[in-house]
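What follows is the residue order along each chain.
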Amino acid sequence: MGDRENSLIKLQDLASFLDEGSFDDNMQQLAAISARVLNAENCSLMLLTESEDEAAGGDDMCLRVCGSCGSLPAAAYKENTRTGEGIAGRVVATGKALFIEDIERSEFAQWARRANDPRKSLLSSPIAINGKTIGVINISGHRQARSFTKDDLSLLEVVALFVGKAIQVVQLQNILRSRFTQMALMQFAEKDIGGALECAVANPDQVARILAKSFYKEMTRAGFGSSQIINAASEIVGQLSVSLSRHSKRIEQQTAG
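Here is a short report on the structure shown in this document. A quick note: this is a predicted structure, and the numbers were derived from the prediction, not measured.

A word on the pattern of salt bridges. Taken as a whole, this structure holds six salt bridges when the rule is applied. Residue Arg146 pairs with Asp152 through a salt bridge whose shortest N-O separation is 3.1 Å.

Have a look at this one:
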């Protein structure tokens, strides 16, 4: 059985993907499955989110790594890639997949991460939901020590379609599990649940702000004072710090392994 047939069989893992655990865990699983389909050692998933750069006014969109498989430095999770910047930024800006035969001889040489790896080819494809680009999937390091081809790029574009659908399922299922989120989104969308769910998938940053405002309003209505609300917010930040710390350690262990 050839590589192409094997890859198509592996696509079944993406087609039957069911989320379990946290969003971060889901993204790690999707990256690992995608790498297996492409017979690659390295895969990273990057999603668009609102920039926190005050100098840019905080309104620009940037790409952040949300899941990976293979040797990706833990520091990469803290990096922001602007639209049009680097390989992933170019893919988002153009909405087209990109095949680079030799990263060191390309216009993207300054963004090469693995200088000691003799395998210099890589692939990058946009991830879309309902026709809107939400992120990028990157592939490098073929396990058979060969260069990727344009046929591999075509396969990655198919994988990106499955990944987009999987992310959409994860987001929608997470919303449907949370009664508080459902209520907040329905209030925002004036009881149009279809519009609320579409908003959640297309713009998770906006949903986060909606939930924050709803959280504040509900605590105020329940009679909690400013100090109690601050304590609750601090608890959320504390839980997030613990989660990010565990996630960072897991990435470092995978990299070391």
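Our focus in this paragraph is the packing of aromatic side chains. Given two aromatic rings, one states the distance between the centres and the angle between the planes to describe the pair. What the rule picks out here adds up to one aromatic pair. Between the aromatic rings of Phe108 and Trp111, the centroid separation amounts to 6.4 Å while the plane-to-plane angle is 55 degrees, which identifies the pairing as tilted. Under the relative-accessibility criterion, Phe108 is labelled buried at 5%. Note on Trp111: relative accessible area 38%, which makes it partly exposed.

Overall, the coordinates contain zero disulfides when judged by the stated rule. Looking at Cys69, it has no disulfide partner, and the nearest cysteine sulfur is the one in Cys43, 6.8 Å off.

Take the nonpolar core next. The nonpolar side chains of a soluble globular protein tend to be buried with one another. Core analysis: the biggest nonpolar cluster contains 30 residues, and Leu38, Leu45, Ile137, Val159, Val163 and Ile167 have the highest contact counts within it. Put simply, the parts of the chain that give this core at least two residues each are helix H1 (3-15), helix H2 (23-37), strand E1 (40-50), strand E2 (61-69), strand E5 (122-129), strand E6 (132-142) and helix H4 (150-177). Of all the elements, H4 adds the most residues to this core, at eight residues. Not counting the four nearest positions on each side in its chain, Val159 is found in contact with Leu11, Leu14, Ser34, Val37, Leu38 and Ile137. By size, the runner-up hydrophobic cluster in this structure holds 17 residues, among which are Leu63, Ala76, Ile100 and Ile103.

Judged by how many residues are buried, E2 sits mostly within the fold: eight of nine residues are covered. Bridge analysis of E1 against E2 gives eight bridges, and the strand direction is antiparallel. Looking across to E2, one finds that Cys43 is bridged to Cys69. Bridge count for E2 against strand E3 (residues 81-82) is two bridges, and the pairing is antiparallel. Along E3, the bridge assignment pairs Cys62 with Arg82.

Next up on the list: the layout of surface pockets. A volume near 610 Å³ is recorded for the second largest pocket. Ile87, Trp111, Arg113, Arg114 and Asn138 are the residues nearest the centre of the second largest pocket, which is lined by 31 residues in total. When residues of the lining of the second largest pocket are traced back to their parent elements, those giving at least two are E1, E2, helix H3 (86-94), E5 and E6. Tallied by class, residues from the lining of the second largest pocket come to 14 nonpolar, 10 polar and seven charged.

So, how was this worked out
Residues numbered from 1 in each chain as written. Predicted model: local features only at pLDDT ≥ 70, side-chain atom pairs only at ≥ 80, totals over all residues. Heavy atoms only, no water. Salt bridge = Lys/Arg side-chain N within 4 Å of Asp/Glu carboxyl O. Phe/Tyr/Trp six-rings, centres within 6.5 Å; stacked < 30°, edge-to-face > 60°. Buried < 20%, exposed > 50% of the residue type's maximum accessible area, 1.4 Å probe, protein only. Disulfide = S-S within 2.5 Å. Core = buried A, V, L, I, M, F, W, Y, C linked by side-chain atoms within 4.5 Å. Helix = DSSP H or I, 4+ residues; strand = E, 2+ residues; numbered from the N terminus. Contact = heavy atoms within 4.5 Å. Pairing = 2+ DSSP bridges. 1 Å grid on protein atoms, 1.4 Å probe; cavity = no way out; pocket = protein on both sides within 12 Å on 5 of 7 lines; lining within 4 Å. Points joined across faces, edges and corners; volume = space filled by probe spheres on them. Nonpolar A, V, L, I, M, F, W, Y, C, P; charged D, E, K, R; others polar.

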